[in-house]
Amino acid sequence: MGFLDNLFGNKEKNESDTSAVKRITCEPKTIYSPLKGSVIPLSEVSDPVFAEEVMGPGVGINPEEGKLYAPADGEIASVFPTGHAIGMTTGDGMEILLHIGIDTVQLEGDGFHALVKQGDHVKAGELLVEFDCAKIKEKGYQTTTMVLVPNASILGTMSQPHTGPVEPLDRLFNFQ
């Protein structure tokens, strides 16, 4: 998968129920919210690697609950060994990076439970990761979750992202 293959290792996880929050029909080159929370512009994220779009354009979401859902139909390209980040690809060529929290790799998986593994095919709204927001905050980390598209440069122009309150599978942005 390119960029995401290089970013993540191939790590197995425990099999579990990946129930969906709801079902939708995905529009081409469209990203839907993977969380319930409040969307902020990427430029407002406290980590400059994300805020300056080094990993690609997208949005930050301050989650209200510790459930990360698939933001589109696609294949899980990678699951970071600590469970705090997931890479996926869609049938129309988008690469999506979902990164839970700022510097949460330092937690070494504590508070994260990945429910998918590399190679799984998922539908938008399928539960990917459960995470403990309280534990993450207690350990001094932010839970802001980034929804990024590393290969955006080949997808066209990105629409103005939705900001403010969001429910899982509300439309965030698309490419034209």
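What comes next concerns the included structure. Predicted model, so just to flag it, every value in this text is computed and none were measured.

Definitions and cut-offs
Residues numbered from 1 in each chain as written. Predicted model: local features only at pLDDT ≥ 70, side-chain atom pairs only at ≥ 80, totals over all residues. Heavy atoms only, no water. Helix = DSSP H or I, 4+ residues; strand = E, 2+ residues; numbered from the N terminus. Buried < 20%, exposed > 50% of the residue type's maximum accessible area, 1.4 Å probe, protein only. Contact = heavy atoms within 4.5 Å. Core = buried A, V, L, I, M, F, W, Y, C linked by side-chain atoms within 4.5 Å. Salt bridge = Lys/Arg side-chain N within 4 Å of Asp/Glu carboxyl O.

**Notes on the environment of Pro 57**
Take Pro 57: it is sitting in the loop between helix 2 (48–51) and strand 3 (58–63). Classification of Pro 57 as buried rests on a relative accessible area of 17%. Each C-alpha atom, one on Pro 57 and one on Ser 43, is 9.6 Å from the other, the two residues being 14 residues apart in sequence. If we skip the residues at most four places from it in the chain, Pro 57 touches Leu 42, Val 147, Leu 148, Val 149, Ala 152 and Met 158.

**Here we look at the nonpolar core**
Side chains of nonpolar character tend, in soluble globular proteins, to be buried together. Formed by 34 residues in total, the largest nonpolar core has its most connected members in Ile 86, Leu 128, Phe 131 and Leu 172. Of all the secondary-structure elements, those providing two or more residues to this core are strand 3, strand 5 (74–79), strand 6 (85–89), strand 7 (95–100), strand 8 (112–114), strand 10 (127–131), helix 3 (133–138) and strand 13 (171–174). With sequence-adjacent residues up to four places away left out, Leu 172 is seen in contact with Ile 31, Tyr 32, Ser 33, Pro 34, Val 39, Val 59, Ile 61, Val 147, Gln 160, Pro 161, His 162 and Val 166. Formed by nine residues, the second largest nonpolar core is a distinct cluster that contains Leu 42, Met 55, Leu 97 and Leu 148.

**A word on the pattern of salt bridges**
For the structure shown, the criterion picks out four salt bridges. With a shortest N-O distance of 3.0 Å, Asp 110 and Lys 135 are connected by a salt bridge. Linking Asp 110 in the loop between strand 7 and strand 8 with Lys 135 in helix 3, this pair joins segments that are 25 residues apart in sequence. The class of Asp 110 is partly exposed, set by a relative accessible area of 27%. The shortest N-O distance in the salt bridge between Asp 110 and Lys 139 comes to 3.0 Å.

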